[in-house]
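Structural description and commentary
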Amino acid sequence: MKRQPIDDSFKVNRNPVTLREIVLDKLRSAIMNFQLLPGDRLVERDLCDRLGVSRTSVREALRHLESEGLVEFADAKGPRVAIITLEDACDLYELRCVLEGMIVQLFTLRARAKDIRALERALENNRQTLEEGELPDVLESVQEFYNVLLEGCGNEAAATQLRQLQARISYLRATSVSQSNRRSTSNQEMERMVEAIKSGDPIAAHQASVDHVRAAAKVALEYLEAKQEGAKARDIVAPIGLTDPRIGR
């Protein structure tokens, strides 16, 4: 058999789209897992060396993370991991109460049998992951649960709005579920939500969703309050309705 010459088709071509996605996922995960902390400077040259990629790939990933609210270009010193203040967190949790409550209510009214079965499977997977999994696995399992709700609610506009907030919501979720007193109750709150959905009670499902967000907010805001000198948690918690009967009633 005659040996064929090796030409340019033998070369391994790196797909620039795939490479950008990998760099983006690496940086996002480092922020979510607290390997990069709020306020940490993100020096392009250092990131290129650590990731083994070009400056273009790093720069594009940082700009994407800026659009997600995880990175900010605050001053002339360059990008840094975004600092989510108590006020920022309050705004996000308030919006979560509204959007997620409505999505769960719509899901209860519109979901098909297969959607509810998918939600039950996601709930069980989340229960196991909360008991045994590491933080990245927990965040993924919770997101899978919400993906079922988003797909089955029948309101693409609301689903899109929530997806646009997803990175910052996941960061705050990481803050709350990383606390030892949160994992034990989180799945129980989600079970209440699913039971209300299965019973066909949209009002109860809405309330279970709002209660779940309130409980997560309490833990996350207490943690942030402890990290921010001079902040007063009671002045921030009150507006999102942790004790306000107007929210979700």
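Right, let's walk through the structure included here. (Residues numbered from 1 in each chain as written. Predicted model: local features only at pLDDT ≥ 70, side-chain atom pairs only at ≥ 80, totals over all residues. Heavy atoms only, no water.)

1. A look at the overall build of the chain
- The helix and strand inventory of the chain stands at eleven helices and two strands.
- Ordered by position from N to C terminus, the α and β elements of the chain give α-α-α-β-β-α-α-α-α-α-α-α-α.
- Counting over 249 residues, the chain shows a buried share of 45%.
- Restricting to contacts in the chain with at least 6 residues of sequence separation, those with at least 24 account for 73%. (Helix = DSSP H or I, 4+ residues; strand = E, 2+ residues; numbered from the N terminus. Buried < 20%, exposed > 50% of the residue type's maximum accessible area, 1.4 Å probe, protein only. Contact = heavy atoms within 4.5 Å.)

2. Here's the deal with the nonpolar core
- Grouped together as the largest cluster of nonpolar side chains are 69 residues, with contacts concentrated most on Phe145 and Leu149.
- Among the elements that make up this core, the one with the highest residue count is helix α4 (residues 86–110) (ten residues).
- Contacts of phenylalanine 145, omitting those with residues within four sequence positions, involve Leu119, Ala122, Leu123, Met190, Met193 and Val194. (Core = buried A, V, L, I, M, F, W, Y, C linked by side-chain atoms within 4.5 Å.)

3. Structural notes on the packing of aromatic side chains
- Taken as a whole and assessed by the stated rule, the structure comprises two aromatic pairs.
- Between phenylalanine 34 and tyrosine 171, the aromatic rings sit 5.7 Å apart at their centres with planes inclined by 70°, giving edge-to-face as the arrangement. Taken together, the positions of phenylalanine 34 in the loop between α1 (16–32) and α2 (44–51) and tyrosine 171 in helix α8 (residues 166–177) put the pair 137 residues apart, joining distant regions of the chain.
- Among the residues examined, tyrosine 171 registers a relative accessible area of 6% and is labelled buried.
- Aromatic pair phenylalanine 145 and tyrosine 146: ring centres 5.6 Å apart, planes at 85°, arrangement edge-to-face. Accessibility classification places phenylalanine 145 together with tyrosine 146 in one group, the buried group.
- Against the face of phenylalanine 73 rests arginine 63, its NZ or CZ located 3.9 Å from the ring centre. (Phe/Tyr/Trp six-rings, centres within 6.5 Å; stacked < 30°, edge-to-face > 60°. Lys NZ or Arg CZ within 6 Å of the ring centre and 35° of its normal.)

4. Observations regarding the pattern of salt bridges
- For the structure on display, the rule yields 19 salt bridges.
- Residues aspartate 115 and arginine 112 are paired through a salt bridge, measuring 3.3 Å at the closest nitrogen-oxygen approach.
- Aspartate 115 sits in the buried class, given a relative accessible area of 12%. (Salt bridge = Lys/Arg side-chain N within 4 Å of Asp/Glu carboxyl O.)

5. Thoughts on a negative patch on the surface
- A contiguous patch of negative charge, built from Glu87, Asp88, Asp91 and Glu94, is present on the exposed surface.
- Inspection of the secondary structure assignment puts glutamate 94 in helix α4.
- With relative accessibility at 34%, the residue glutamate 94 sits in the partly exposed group. (Patch = residues over 30% accessible without salt bridge, like charges linked within 9 Å, V, L, I, M, F, W, Y side chains within 5 Å. Areas by Shrake-Rupley, 256 points an atom, 1.4 Å probe, with all protein chains shown as cover. Lys, Arg positive; Asp, Glu negative; His and termini not counted. Charge placed at Lys NZ, Arg CZ, Asp CG, Glu CD.)

6. Regarding the state of the cysteines
- Considering all chains together, one arrives at zero disulfides under this definition.
- Free cysteine: cysteine 97, not disulfide-bonded; nearest cysteine sulfur from cysteine 90 at 9.7 Å.
- The class for cysteine 97 is buried, based on a relative accessible area of 4%. (Disulfide = S-S within 2.5 Å.)

7. Observations concerning the environment of alanine 122
- If you trace the backbone, alanine 122 turns up in helix α5 (residues 113–132).
- Residue alanine 122 is classed as buried on the basis of its relative accessible area of 8%.
- Taking the C-alpha atoms as reference points, alanine 122 and glutamine 143, 21 residues apart in sequence, are found 9.3 Å from one another.
- Beyond its immediate stretch of four places on either side in the chain, alanine 122 contacts Glu144, Phe145 and Val148.

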